Amino acid sequence: MAEAADFQGTPSPARRWLRRTGALLAGAPLLAALVQLPAAVPAQAADSDTVSVALDSLSPSAPSDGDTLTVSGTVTNNGKQAVTDAQVDLRVGSQLNTRSAIDSAARHPDDLQSSLGTAVGGKYTEDFDSLAPGVAEHFSISVPVDKLDLGQDGVYPFGVSLSGQTAAQPWDQVLGIQRTFLPWQSSEADTQTKTTYLWPLISTVHVTAKTGAGELQTPVFLNDDLAKEISPGGRLAQMLSLGKDLDVTWVIDPDLLASVDAMTRSYRIQGAGDTTTAGTHQAVAKQFLADLQNAVADKEVVALPFADPDLASLAHNGTSVTGSLSHLKDATDVAATTVETVLHVTPSTDFAWPVNGAVDPSIIKVATSAGADKVIARSDSLQETGGLPYTPSAARPIGGGTTAVVADARLSTAFQGDLTKADSVTLAVQQFLAQSLALNTQTDKQRSIVIAPQRMPSASQVQAMATAITTLQDSNWSRSQDLAAAAKDKPDPGATTKIPSSSAYPSSLRKQELPRTAFEQIARTQDKLDNFQVVLTNQSRVVTPFGRAINREMSTSWRGRGSEADSFRTSVESWLDSLTGQVKLIDKSETKLSGRSATIPVTVQNNLVQGVDHLVLRLTSTMPTRLEIGGKAYYEQPVEVSGGHTQSVKFSTSANANGRVEVIAQLYTEDGQEYGAPVQFDVKVTEVTPTVMLVIGGGVLLLVLAGFRMYTQRKRAAARRAEEGDGPDDAGEDAPEAPQAPEGPEALEVRGSEDTGRPGNPDAREDRLQEESGARSGADDPEQPSDPTPDTAPESADPSGTGERVDR
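Residues numbered from 1 in each chain as written. Predicted model: local features only at pLDDT ≥ 70, side-chain atom pairs only at ≥ 80, totals over all residues. Heavy atoms only, no water.

Undergrad: Help me out: how do you make sense of the overall build of the protein chain in this one?
TA: Helix and strand counts for the protein chain come out as 21 helices and 30 strands. Counted over contacts in the protein chain with a minimum sequence separation of 6, partners at least 24 positions apart contribute 77%. For the protein chain, the accessible area works out to roughly 40,600 Å², and carbon and sulfur atoms hold 51% of it. (Helix = DSSP H or I, 4+ residues; strand = E, 2+ residues; numbered from the N terminus. Contact = heavy atoms within 4.5 Å. Areas by Shrake-Rupley, 256 points an atom, 1.4 Å probe, with all protein chains shown as cover.)

Okay, here's the thing in structure tokens:
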């Protein structure tokens with residue numbers, strides 16, 4: 001008790017010293033532990049960005065018993081201090097039993113705070129004395145798979161780490177790591193997944209609606225980009241060279257085939273304005289098609305509708321525009337023919353493929369409207385709601401005889417990132433294989449899985465896809481299957497068959513759709529084409545290129561390229577307007593019409609290389625009471641004009657009154673549709689009135705009467721001369737003809753001698769000449785109406801006797 005009382009009070013100096021000494025002795029081990037703590041915990045690092053690790057290759061990607069795994073890559077010191085005593089280690093983590101666990105591990109492949117796994121150690125490392133700042137060092141480590149201590153079959157996290165020291169942190173620690181996945185199937189699985197991989201051979205729109213004027217109709221391309229894609233090293237060339245050795249289902253856009261086929265002959269490249277240049281890649285195009293024919297000769301080929309129309313845009317914005325669905329039907333009808341013609345194989349046209357496999361009821365309805373009874377959807381759209389513990393088979397009956405073929409979203413999107421670097425390709429391939437194996441181990445029930453990648457993968461993405469598929473086909477847990485077989489497989493009874501609502505359609509995809517105005521412009525272009533083609537003698541020259549151009553206006557490839565899509569649609573419509581305008585009426589100036597009736601010519605010009613017919617030219621008078629055409633307000637005549645010619649059509653008109661009348665000339669098709677712009681001109685009528693006609697008629701009558709009077713006067717003069725015996729009429733008709741006297745001065749001389757009997761008497765001769773001259777003047781000179789009547793007495797004022805003719 002006393003000790004207790006003492007300790008509770010103020011301690012003595014001796015006791016305080018003892019207490020301090022005991023506390024120091026008791027804390028010494030703890031301090032020593034704190035000082036040594038960094039060396040005891042090498043896994044923790046202050047700066048996770050000090051060193052970056054790139055895993056460039058891992059071979060084999062899916063090892064089995066007896067294999068040796070080779071891992072190579074680079075380590076780079078990103079810090080400002082050298083890393084000493086650096087060591088590269090291989091690490092294996094605990095098995096991942098679910099697909100979602102793989103997703104989680106893939107989100108942070110270089111996180112030092114996550115589990116690092118167990119280091120393989122031993123001789124399966126690579127050491128560096130020092131890593132200088134900013135310097136990358138290559139490493140390569142090979143290890144027998146049995147040294148990895150892998151357990152049962154499944155997916156394991158696999159990492160490559162670098163540990164070392166820095167001047168600021170002089171203890172061993174992990175400074176960088178890169179994680180991936182190691183799919184481990186030691187031997188052939190009891191149940192293997194049947195896998196279908198779609199291999200899309202699709203490009204953007206390359207061909208315009210324009211063609212050359214010759215018989216070959218040389219096509220005009222937007223640019224020469226397609227030549228780059230099909231040339232060695234190009235995106236499509238790589239898809240072809242890599243795909244020919246894979247067990248895949250080829251999904252082909254017939255427009256691509258038609259475009260490459262057009263390049264095998266003469267073609268042009270559109271330049272600035274209306275200029276074009278000659279295409280020069282015919283040999284490349286021919287080689288591409290030849291290689292493609294060999295590649296698909298014994299493979300399944302699925303043909304999309306021509307130009308791969310955007311089904312979602314059509315469903316959401318186009319169905320309310322008249323005629324839009326008919327374009328999808330046309331694109332479907334021409335697909336099989338195009339593929340058969342170019343590749344000499346018969347494709348399947350039973351499948352529709354909306355963008356990213358995103359569906360809703362309207363998309364399903366549109367997709368099946370053109371004859372397809374199978375729609376390729378994706379599992380992130382047609383999501384499972386039944387709580388199945390495994391991924392079900394792809395085929396799902398959704399009603400109406402339609403099957404939704406649901407592609408696996410994780411596998412389908414595995415190669416959408418930037419895969420231009422080797423380490424990113426390795427990570428993508430390993431994650432793809434890990435997801436595939438994890439899917440297979442979910443259940444011992446065999447299933448059919450479909451993989452539908454992005455429509456137009458880049459060249460690097462194609463290479464990664466080919467690497468993954470090659471490994472998958474050689475794996476112990478998967479075997480290949482055609483798309484048609486996958487669609488026919490028995491569906492899982494617990495799999496969802498409910499199509500998501502329209503509100504569930506991703507907004508990011510909806511923003512990229514073709515707007516309603518695009519379909520309205522397409523409809524307007526189609527109306528113009530319908531009106532134009534009926535007048536052509538060779539419709540295929542126009543209908544075929546423009547029909548395919550309209551299909552291209554609806555292409556899925558326009559997503560994310562709205563301005564380019566607008567420009568293409570406008571160019572198609574403008575070119576059609578230009579061709580239509582080559583058949584037109586020639587403008588007329590004012591026409592003057594004199595008289596009651598006349599003919600008005602109207603000229604039709606055809607600058608096309610082909611003839612036009614089935615046209616009607618109507619000429620209409622705006623004032624039929626003043627001017628009638630063909631006896632009524634308007635008159636029509638059929639028109640037929642050869643290519644490169646003009647034709648004048650004449651219309652009979654009749655005038656009822658003077659004045660100016662506006663006349664309208666308009667071309668129509670035979671079904672009554674207006675064709676081209678009208679031509680308006682004025683007709684000025686100057687009709688001859690009845691009063692003027694009477695005046696002219698009176699003048700003609702006076703001329704006739706004057707002539708009759710002259711005739712009677714001459715008769716009277718001749719009669720008087722006969723009575724007096726002065727004229728030649730005395731001898732009668734039987735009198736002998738007198739000798740003809742010579743003409744000229746000699747005649748005068750002869751006549752003077754005969755009359756006088758005494759030559760040389762000038763007075764007598766002059767009297768005789770004057771007398772003869774007067775007689776001839778009265779008998780031979782024509783009389784004028786105003787001349788006085790010869791040898792008549794002055795007119796009497798008395799009434800004329802009965803039967804007496806009086807000249808007045």
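Next comes the rest of the description.
Undergrad: Looking at this structure, how should I read a nonpolar patch on the surface?
TA: Where nonpolar side chains cluster on the molecular surface, the patch consists of Leu-701, Leu-702, Val-704 and Leu-705 and spans about 410 Å² of accessible area. Looking at where Leu-702 falls in the secondary structure, it is placed in helix H19 (residues 690-724). On the accessibility criterion, Leu-702 (58% relative accessible area) is exposed. (Patch = residues over 30% accessible without salt bridge, like charges linked within 9 Å, V, L, I, M, F, W, Y side chains within 5 Å. Salt bridge = Lys/Arg side-chain N within 4 Å of Asp/Glu carboxyl O. Buried < 20%, exposed > 50% of the residue type's maximum accessible area, 1.4 Å probe, protein only.)

Undergrad: What's the story with the sheet that holds strand S29 (residues 659-669) in this structure? I'm lost.
TA: Strand pairing in a sheet is mediated by backbone hydrogen bonds. Such pairs are either parallel or antiparallel. With respect to topology, five strands assemble into an open sheet ordered S23-S30-S29-S25-S27, the strand pairing being mixed. At either margin of the open sheet sits one strand with a lone partner, and together these are strand S23 (591-594) and strand S27 (634-641). The sheet shows a mean angle of 30 degrees between the axes of neighbouring strands, direction not considered. Relative to S29, strand S25 (residues 612-621) runs antiparallel, the two being bridged by seven bridges. Paired with Ser-621 across the strands is Val-663, a residue of S29. (Pairing = 2+ DSSP bridges. Axes fitted to C-alpha atoms, helices over the stretch in contact; angles between N-to-C directions.)

Undergrad: Which parts of the structure should I look at to understand the pattern of salt bridges?
TA: A side chain with one charge can pair with a side chain of the opposite charge if their charged atoms come near. Taken as a whole, this structure holds 24 salt bridges when the rule is applied. Residues Arg-455 and Asp-308 are paired through a salt bridge, measuring 2.7 Å at the closest nitrogen-oxygen approach. Residue Arg-455 is found in the loop between strand S20 (448-451) and helix H13 (459-473), and its partner Asp-308 is found in the loop between strand S15 (301-303) and helix H8 (311-318); the two are separated by 147 residues along the sequence. Per residue, the accessibility class of Arg-455 equals that of Asp-308, and both read buried. The partner of Asp-373 in a salt bridge is Lys-374, with the nearest N and O atoms 3.0 Å apart. Judged by relative accessible area, Asp-373 falls into the partly exposed class, the value being 30%. Each member of the salt-bridge network shares a partner with another, and the members are Arg-524, Lys-528, Glu-573 and Asp-577.

Undergrad: It is not clear to me how the sheet that holds strand S1 (residues 51-59) should be interpreted in this structure. Could you clarify?
TA: Spatially, the three strands line up as an open sheet ordered S1-S2-S6, and their pairing is antiparallel. Only two strands of the sheet have a single partner each, and these edge strands are S1 and strand S6 (136-144). Neighbouring strand axes in the sheet, compared pairwise and without regard to direction, differ in orientation by 20 degrees on average. Direction of pairing for strand S2 (residues 68-77) relative to S6: antiparallel, over a ladder of nine bridges. Its bridge partner being in S6, Ser-72 is matched across the sheet by Ser-140.

Undergrad: Is there a simple way to think about a negative patch on the surface in this case?
TA: On the surface, Asp-85, Asp-127, Asp-129 and Asp-172 cluster together into a patch of negative charge. Inspection of the secondary structure puts Asp-172 in the loop between strand S7 (154-165) and strand S8 (173-184). By relative accessible area, which is 42% here, Asp-172 ends up partly exposed. (Lys, Arg positive; Asp, Glu negative; His and termini not counted. Charge placed at Lys NZ, Arg CZ, Asp CG, Glu CD.)

Undergrad: What am I meant to see in the nonpolar core here?
TA: It is characteristic of soluble globular proteins that their nonpolar side chains tend to be buried jointly. In terms of nonpolar packing, the biggest core is built from 74 residues, with Phe-532, Leu-617 and Leu-619 touching the most fellow members. No other element matches the six residues that helix H16 (residues 516-533) contributes to this core. Those residues in contact with Leu-619 that lie beyond four places of it in its chain are Ile-600, Val-602, Ile-629, Ala-633, Tyr-634, Tyr-635, Phe-651, Val-663, Ile-664, Ala-665 and Phe-681. One finds Tyr-197, Leu-240, Phe-288 and Val-296 within the second-largest nonpolar core, a separate group that totals 62 residues. (Core = buried A, V, L, I, M, F, W, Y, C linked by side-chain atoms within 4.5 Å.)

Undergrad: Would you mind showing me how to read helix H12 (residues 422-440) here?
TA: Along an α-helix, residues three or four positions apart point the same way, because every turn accommodates 3.6 residues. Its 19 residues place the ends of H12 27 Å apart at the C-alpha level, agreeing with the 27 Å of an ideal helix rising 1.5 Å per residue. Of all 19 residues that make up H12, 15 are buried, and the element is covered over most of its length. (Expected span 1.5 Å × (residues − 1).)

Undergrad: What is the right way to look at the pairing of strand S9 (residues 193-201) in this model?
TA: For a regular strand, the rule is simple: side chains alternate between the two faces of the sheet. Counting buried positions along S9 yields nine of nine residues, so the element is predominantly enclosed. Residue alternation in S9 divides its side chains into two sets, Thr-193, Thr-195, Tyr-197, Trp-199 and Leu-201 and Lys-194, Thr-196, Leu-198 and Pro-200, and both sets are buried. Judged from the three bridges that link them, S9 and strand S21 (residues 478-480) form a sheet pairing that is parallel. Bridge pairing in S21 places Thr-195 opposite Ser-480.

Undergrad: Help me out: how do you make sense of unusual backbone geometry in this one?
TA: Leave glycine aside and you will find that most residues have negative phi; peptide bonds, for their part, are mostly trans. Cis rather than trans, the peptide bond between Ser-59 and Pro-60 has omega equal to -5 degrees. Although it is not a glycine, His-344 adopts a positive phi angle of roughly 65 degrees. Positionally, His-344 belongs in the loop between helix H9 (324-343) and strand S16 (351-352). With a phi close to 55 degrees, Asn-356 is a non-glycine residue in the positive phi region. The exposure class of Asn-356 is partly exposed, given its relative accessible area of 35%.

Undergrad: What exactly am I supposed to notice about the packing of aromatic side chains here?
TA: To describe a pair of aromatic rings, one takes the distance between the centres and the angle between the planes. One pass over the full model with this rule turns up seven aromatic pairs. For the cation-ring pair, Lys-588 lies above Phe-681, with the distance from its terminal atom to the ring centre recorded as 5.3 Å. (Phe/Tyr/Trp six-rings, centres within 6.5 Å; stacked < 30°, edge-to-face > 60°. Lys NZ or Arg CZ within 6 Å of the ring centre and 35° of its normal.)

Undergrad: I would appreciate a short explanation of the confidence of the model for the protein chain in the present structure.
TA: Detailed reading of predicted coordinates is not advised where the pLDDT is low. Of the residues in the protein chain, 82% reach a pLDDT of 70 or more, and the chain-wide mean stands at 85. Note on residues 1-48: pLDDT under 50 across the span, and 23 contacts to partners over four residues away in sequence or across chains. (pLDDT = per-residue confidence, 0-100.)

Undergrad: What exactly am I supposed to notice about the side chain of Glu-573 here?
TA: As for its placement among the helices and strands, Glu-573 is situated in helix H18 (residues 562-580). Of the residues examined, Glu-573 reaches a relative accessible area of 8% and is grouped as buried. Among the polar contacts made by the side chain of Glu-573, one reaches the side chain of Gln-521 at a distance of 3.2 Å. Looking at Glu-573, its side chain comes within polar contact range of the side chain of Arg-524, at 2.7 Å. Filtering out sequence-adjacent residues up to four positions away, Glu-573 remains in contact with Gln-521, Arg-524, Thr-525 and Lys-528. (Polar contact = N/O pair within 3.5 Å; in protein donor to acceptor, adjacent residues only side chain to side chain.)

Undergrad: Got a minute to help me understand the environment of Ala-565 in this structure?
TA: Looking at the secondary structure, you find Ala-565 in helix H18. Taking the relative accessible area as the measure of exposure, Ala-565 reaches 3% and is therefore buried. For Ala-565 and Glu-553, which are 12 residues apart along the polypeptide, the C-alpha to C-alpha distance reads 7.0 Å. Look past the residues within four positions of Ala-565 in its chain and what remains in contact with it is Leu-514 and Trp-558.

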